[in-house]
Amino acid sequence: MVSYHRVGDILDMLAEELPPEFYRELSGGILLTREERASLHGDELAIMGEYIVSPSGRMIKIYYGSFEELYGWMDEEQLTEQLREVLRHEFTHHMESLAGERGLEIKDEMQLREYYRQKGRRR
């Protein structure tokens, strides 16, 4: 697996690809944590990244441990593409939140419901 510190460098590079306007009100910035984050439903779903709005501000959290668990076999180029996808997904949540929209949040919820329906479980 690509090291934690190298993933941090890659995230910095990916963050620079985005226009400055994307960072408006992202007071907590982008945080890479060593944690692995699983779904709150006790199943095998892993959370790769998360957009967080709290009383202390807005931030994007990327879970290195989840990437390590699912994508530890990838080379740096492949991992960079996965990180780019997750980072942009979380930024989409941020931008929609600033605009008072919930389109991606609703889409994510529908995909989860379909996943659980196919697994024969309810959330």
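Before reading on, note that the structure itself is shown above.
Residues numbered from 1 in each chain as written. Predicted model: local features only at pLDDT ≥ 70, side-chain atom pairs only at ≥ 80, totals over all residues. Heavy atoms only, no water.

J.: Provide a residue-level description of the pattern of salt bridges, including the pertinent values.
T.: Taken as a whole and judged by the stated rule, the model has 11 salt bridges. Between Glu-25 and Arg-24 there is a salt bridge, with the nearest N and O atoms lying 3.9 Å from each other. A relative accessible area of 47% means that Glu-25 is categorised as partly exposed. For Arg-24, a relative accessible area of 46% corresponds to the partly exposed category. Note that Arg-84 and Glu-81 form a salt bridge whose closest N and O atoms lie 2.3 Å from each other. Of this pair, Arg-84 and Glu-81 are both found in helix H3 (residues 76-99), three residues apart, which corresponds to roughly one turn of the helix. (Salt bridge = Lys/Arg side-chain N within 4 Å of Asp/Glu carboxyl O. Buried < 20%, exposed > 50% of the residue type's maximum accessible area, 1.4 Å probe, protein only. Helix = DSSP H or I, 4+ residues; strand = E, 2+ residues; numbered from the N terminus.)

J.: Quick rundown of the sheet that holds strand S5 (residues 57-63)? Include the residues and the values.
T.: On the basis of which strands lie adjacent, the open sheet formed by three strands has the order S1-S5-S4 and mixed pairing. The sheet terminates laterally at strand S1 (29-33) and strand S4 (49-54), the two strands that pair on one side only. The mean angle between the axes of side-by-side strands here comes to 25°, regardless of whether they run parallel or antiparallel. With five bridges joining them, S1 and S5 adopt parallel strand pairing. Counted as the bridge partner of Gly-29 is Met-59 from S5. Each of S1 and S5 is contacted by helix H1 (residues 4-16), which is oriented at about 160° to S1, the strand it contacts most. The strands touched by helix H2 (residues 64-71) within the sheet are S1 and S5, with S5 carrying the most contacts at an inclination of about 30°. (Pairing = 2+ DSSP bridges. Axes fitted to C-alpha atoms, helices over the stretch in contact; angles between N-to-C directions. Contact = heavy atoms within 4.5 Å.)

J.: Can you tell me about the nonpolar core, naming the residues and giving the values?
T.: Counting residues in hydrophobic clusters, the biggest one holds 22 residues, and the most contacted among them are Val-7, Ile-62, Phe-67, Leu-79 and Leu-83. Breaking this core down by element, the ones donating at least two residues are H1, S5, H2 and H3. Other than its neighbours up to four places away in sequence, Val-7 contacts Met-1, Val-2, Leu-32, Tyr-64, Leu-79 and Leu-83. (Core = buried A, V, L, I, M, F, W, Y, C linked by side-chain atoms within 4.5 Å.)

J.: Outline the pairing of S4, supporting the account with residue identities and numerical values.
T.: Pairing of S4 with S5, which is carried by six bridges, proceeds in the antiparallel orientation. Across the sheet, Val-53 pairs through a bridge with Arg-58, a residue of S5. Where S4 folds back onto S5 in an antiparallel hairpin, the turn is made up of two residues.

This is a description of form; function is not addressed.
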